[in-house]
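# Structural overview
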Amino acid sequence: MEGSFASSEIKNSYLEGDILQAKSQQDEKRLSIDNALINARNVLLSHVGENGDNLFSLLMRLISRILVEKPGNAVDLFEEYCRLVKQGHFVHPDLKLQDVKGAEHERKVEYARSVQRKVRSLEHLHSAPMWSQIGFTLPPSMDYFVDRQMELLRQVDGAKHVMFWGVVHTLSGSYYVIEMERDSFEAVQLELQLSQEKTEIARDVIEGLLRATVSDDTIISDWCGAESMVMEMIDQILEFAIPPDSDEQLATAVAVPVLDRIVEEAIDEAQEPEVELSMMGSLDVISCNATLASSDLSLNQLKFASAKALLEVKMNVFRYYVSSDPVEGQWTELPTGITLDKIINSCEIKRYFKGDLDAKLAGGFVERDHLRAVLARISMDRRACCRPSDESTQSQRLITERDVAIYYKATGFRRGWRQMNNEQIPKSAGWRKSDTWPGSYAYGKEFFIYSGWGIEGGC
Amino acid sequence: MNLDNLFDHVPYMAYAFRTLSTEERIKLEHSLRILQRAQRLNSVYFFGKLEGIDGHYTLAFGCQGWDLFKNRKLFYTQNLYDWFLLLEPKQWSEDWEYIRHPFQGDPAFKLEVDLGPGYTLDEDQVPIEGDRSKFWVKEQDRLWYVMTRILHEAALVPRGVLYHSTEGECIVNPFFGGIDLNESTNIVNYHHFRKPINGARENLLKRANCSYFLDVFDSADDVTPEQKSFVVTRDRERDVFVLKSLHWPGMSSFHRVNSNVYGFFYFGDGRKNWDMLFMV
């Protein structure tokens, strides 16, 4: 009894000392402004409203909102600000979380499940080609302006086929590109105003020239000789076909069908070692035949060189119209006169487009020329995507399998296309994408789209 | 792009020439809703698509609480029905950023990476060829890494979207009313969609009239090269601004002037453009 009383007395006195000590410490603390703020904050934090919000964060939000928005009439509308901050700002987490778990949300989830079941049941149906399948689209209202421009271009004399080519992103926007295939021969007849008679003469002379050169074995003894000779020959053709007052492009277009036919015939005639240039990769046959008699060799090389020249002419039948702002801006026709050399040179530039057609690039290039070369490369890459088995419409196309094979043989570029296959784009839909040009897509044989930076990809 | 307004904001993707097909939209909307329920997520964001060779991944992320960056969960799907959680791999390295090989399209695919020899300088400053750095990477792990990097480096939102609350959480500012035309053209007025790493003092000092709650986040001008890492384009008709990242081609952010319409999405192949500095 006694012992316990004594111990409690000791305890009491001990507690008393403790309290005194704490009190003195508290007095010291009270002197600092930090502690005053902490105390004030604690007081404010202890006022908790029904929605779980506390006075401190309410005031902080109110003040910060006034500071951020800097309203001119904060004093007049002070009550309104208080109300807004209290009501609208950050509904307490619990309230909204309840909703996610609540009956209303349950209904949404139930609906989502039923729609999903329905969609699953419809999946086997075939889907039509649409840009959106590969995730591409034009900005709102831009499609209208592009479409109108294409309509205008279709009315141009000699326009055979006009299509939307794609979009090339630049550092200051994007180029919208329209491709126009000109009706090569008729357009030229019209524009050159050559009479039918004169055209016939031109044709005969070109043909005669070519035949004379091909049959003369003595001249074409080596590769360089053959190539330079063909170039010379083409020059002659041009010289002849161009009346002095017309431009070079039109004249090259005259030569297209003529040259095409002659090369075709030359191939038919050269049946000895079964040289056939029409299939992909078959150009390797030429190198295999290198051990044959020199006359055959030269003949093949001559054919290759003339096929190259022909391809260049054909590539210039396509015209490209470019605009960086179809709504207000103008459409510019890109320069023609693209050659395989220009295309190979353009590979040196690996830069983003600046968005200004007149911009100077490294190596003396101008952006419009570089753009033209890149467009030509992507276009040729597109043509390489068709499998050799798709022969049905080959005859109508200007650039044939043989041209594509010659293009890749001459430039040494890589090529590769891949069938897109995933849940969204079933294989049956037939979308393919290019391995070499990221952003280049093909659907079937006639439907292409490009949306990228104009930079060749690869790993 | 938040699931709650994904449908409303899809037309804005068109300013970056991207869209979702109707089929994708329907599937996404509903499967993300179910995902949100199953994972008890407070908010779900659609992130984009990553194209591989044989297939592609659709990506999304979700937040468990109000804080956007705390306990964030990343997800991917290949059929738009079944979502899989992307977990942080036990071992990963910053070297994964240099992998040039495209994604295969199979999450279980293991890629052998050879980054070539490392070089050190001897006392005469002559480089000495070191060991080749070779390692194996599982595609699923790389997917986590790439998605995290893109979100960290290239996802932008206008200033004012992110709000640092008094409780120290980074949350979406429900009062955000957009930034005006002049502000939109300047990259300084966009913030990285990430937890601030630059330090409050540095970030706040950048602005003359700063607000702690908004300006504590890292502004987008800290990416090298300054002012050139993003292409800012404007649609004059509706004053929609699109910011395309050049470091991560395919990453775009959009914002409509004076409105709370904003978002970002990624349509790409998951490879960083290391040549970018030589291409601008």
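Residues numbered from 1 in each chain as written. Chains lettered and ligands numbered in written order. Predicted model: local features only at pLDDT ≥ 70, side-chain atom pairs only at ≥ 80, totals over all residues. Heavy atoms only, no water.

Defined as follows: UniProt positions are given in the numbering used here, feature names are shortened, and annotations may be inferred rather than shown by experiment.
An unreviewed UniProt entry lists chain B under the name Radial spoke head protein 9 homolog, with Aedes aegypti as the source organism. As stated in UniProt under Sequence similarities (unreviewed entry), the record for chain B gives "Belongs to the flagellar radial spoke RSP9 family."

According to the UniProt record, the Subcellular location (unreviewed entry) comment for chain A reads "Cytoplasm, Cytoskeleton, Cilium axoneme".

### Thoughts on the overall build of chain B
The line we're drawing: By the criteria applied, helices consist of DSSP H or I runs no shorter than four residues and strands consist of E runs no shorter than two, each listed in order from the N terminus. With the radius of gyration taken over C-alpha atoms, the globule rule is written as 2.2 Å times the number of residues to the power 0.38. The buried label goes to any residue with under 20% of its type's maximum accessible area, the exposed label to any with over 50%, and the partly exposed label to all in between, with areas taken from a 1.4 Å probe on protein chains only. Between two residues, a contact is recorded if the distance between any of their heavy atoms is within 4.5 Å.
Counting secondary structure elements, chain B contains seven helices and 14 strands. In summary, chain B has a C-alpha radius of gyration of 20 Å against a globular reference of 19 Å for 280 residues, a match within 12%. The 280 residues of chain B split such that 57% are buried. Of all intrachain contacts in chain B linking residues separated by at least 6 positions in sequence, the fraction that spans at least 24 positions is 59%.

### Some details on the pairing of strand S8 (residues 447–452) of chain A
Residues and elements named next belong to chain A. The following threshold applies: Pairing between strands is defined by DSSP: at least two bridges between them are needed.
With respect to burial, S8 is a largely interior element, five of its six residues being buried. As paired strands, strand S1 (residues 159–170) and S8 are joined by three bridges and run parallel to one another. If you follow Gly166 over to S8, its bridge partner there is Tyr450. With four bridges joining them, strand S7 (residues 440–443) and S8 adopt antiparallel strand pairing. Paired with Tyr441 across the bridge in S8 is Ile449. The loop that links S7 with its antiparallel partner S8 comprises three residues; one of these, Gly444, has a positive phi angle of about 65°.

### Structural notes on the packing of helix H15 (residues 367–383) of chain A against helix H16 (residues 401–411) of chain A
Angle between the axes and distance between the axes are the two parameters that describe a pair of packed helices. Residues and elements named next belong to chain A. Keep this limit in mind: All axes here are fitted lines through C-alpha atoms, helices being fitted over the stretch that makes contact, and every angle between N-to-C directions spans 0 to 180 degrees. Note on terminology: angles under 35 degrees are roughly parallel, angles over 145 are roughly antiparallel, angles of 65 to 115 are roughly perpendicular, and the others are oblique. Each crossing gets its hand from how the near helix is turned against the far one by less than a right angle, where anticlockwise is left-handed and clockwise is right-handed. Amino acids are sorted into nonpolar (Ala, Val, Leu, Ile, Met, Phe, Trp, Tyr, Cys and Pro), charged (Asp, Glu, Lys and Arg) and polar (every other residue, Gly among them).
At a minimum axis distance of 10 Å, the contact between H15 and H16 shows a crossing angle of 125°. Relative to H16, the element H15 lies oblique. Taken as a pair, H15 and H16 cross one another with a handedness that is left-handed. Note on element contacts: H16 touches H15 through Asp403, Val404, Tyr407 and Tyr408, opposite Arg377, Met380, Asp381 and Arg383. Across the contact of H15 with H16, the residue classes tally to four nonpolar, no polar and four charged.

### So, a nonpolar patch on the surface
Spelled out, the test is: Nonpolar side chains (Val, Leu, Ile, Met, Phe, Trp, Tyr) are joined into patches within 5 Å and like charges within 9 Å, using only residues with over 30% relative accessible area and no salt bridge. Each accessible area value is a Shrake-Rupley result obtained with a 1.4 Å probe; residue values ignore everything except the protein chains displayed when judging cover. The salt bridge criterion pairs a side-chain nitrogen of Lys or Arg with a carboxyl oxygen of Asp or Glu, the two atoms within 4 Å.
Together, Leu59(A), Ile63(A) and Leu67(A) give the surface a local cluster of nonpolar side chains, amounting to about 270 Å² of exposed area. As for its placement among the helices and strands, Ile63(A) is situated in helix H3 (residues 55–69).

### Comments concerning the packing of aromatic side chains
Definition in use: Aromatic rings from Phe, Tyr and Trp, with only the six-membered ring used for Trp, were paired whenever their centres fell within 6.5 Å, and each pair was classed as stacked if the ring planes differed by under 30 degrees, edge-to-face if by over 60, and tilted otherwise. Two conditions define a charge sitting above a ring: the NZ of Lys or the CZ of Arg must be within 6 Å of the ring centre, and it must be within 35 degrees of the ring normal.
By the definition in use, this model includes 36 aromatic pairs over all chains. Taken together, a centroid distance of 5.3 Å and an interplanar angle of 80° make the contact between Trp131(A) and Phe136(A) edge-to-face. A centroid spacing of 5.9 Å and a plane angle of 85° characterise the contact between Tyr212(B) and Phe213(B), whose relative ring orientation is edge-to-face. An aromatic cluster of three or more residues is present, and its members are Tyr45(B), Phe47(B), Phe61(B), Phe69(B), Phe193(B), Phe264(B) and Tyr266(B). The ring of Tyr408(A) has Arg415(A) lying over it, and the distance from NZ or CZ to the ring centre is 4.5 Å. Over the face of the ring belonging to Phe61(B) we find Arg72(B), whose NZ or CZ atom lies 5.5 Å from the ring centre.

### Examining the nonpolar core
The line we're drawing: In plain words, nonpolar cores are sets of buried Ala, Val, Leu, Ile, Met, Phe, Trp, Tyr and Cys residues tied together by side-chain atoms within 4.5 Å.
Core analysis: the largest hydrophobic core is formed by 50 residues, its most contacted members being Phe47(B), Phe61(B), Leu151(B), Phe193(B), Met251(B) and Phe264(B). The element that contributes the greatest number of residues to this core is helix H3 (residues 139–153) of chain B, accounting for seven residues. With near-sequence residues (within four places) excluded, Met251(B) lies in contact with Phe47(B), Ile150(B), Ala154(B), Ala155(B), Leu243(B), Lys244(B), Ser245(B), Phe264(B), Phe265(B) and Tyr266(B). Ranked by size, the runner-up nonpolar core spans 40 residues in total, among them Ala307(A), Tyr407(A), Tyr408(A) and Trp417(A).

### Overview of the pattern of salt bridges
Two side chains that carry opposite charge are able to pair once their charged atoms sit near each other. Residues and elements named next belong to chain B. Taken as a whole and assessed by the stated rule, the structure comprises 28 salt bridges over all chains. In this structure, the salt-bridge partner of Asp222 is Arg194, at a minimum N-O distance of 3.1 Å. Highlighted residues: Asp222 in the loop between helix H6 (212–215) and strand S11 (230–235) and Arg194 in the loop between strand S10 (190–192) and helix H5 (200–205), separated in sequence by 28 residues. Classification of Asp222 by relative accessible area gives partly exposed; the value is 30%.

### Some points on the side chain of Glu24(B)
Selection criterion: Think of a polar contact as two N or O atoms within 3.5 Å of one another; within protein, one of them needs to be a possible hydrogen donor and the other a possible acceptor, and neighboring residues in sequence only count if both atoms come from side chains.
Tracing the backbone shows Glu24(B) in helix H2 (residues 22–39). Within the structure, the side chain of Glu24(B) is placed 2.6 Å from the side chain of Lys49(B), a separation counted as a polar contact.

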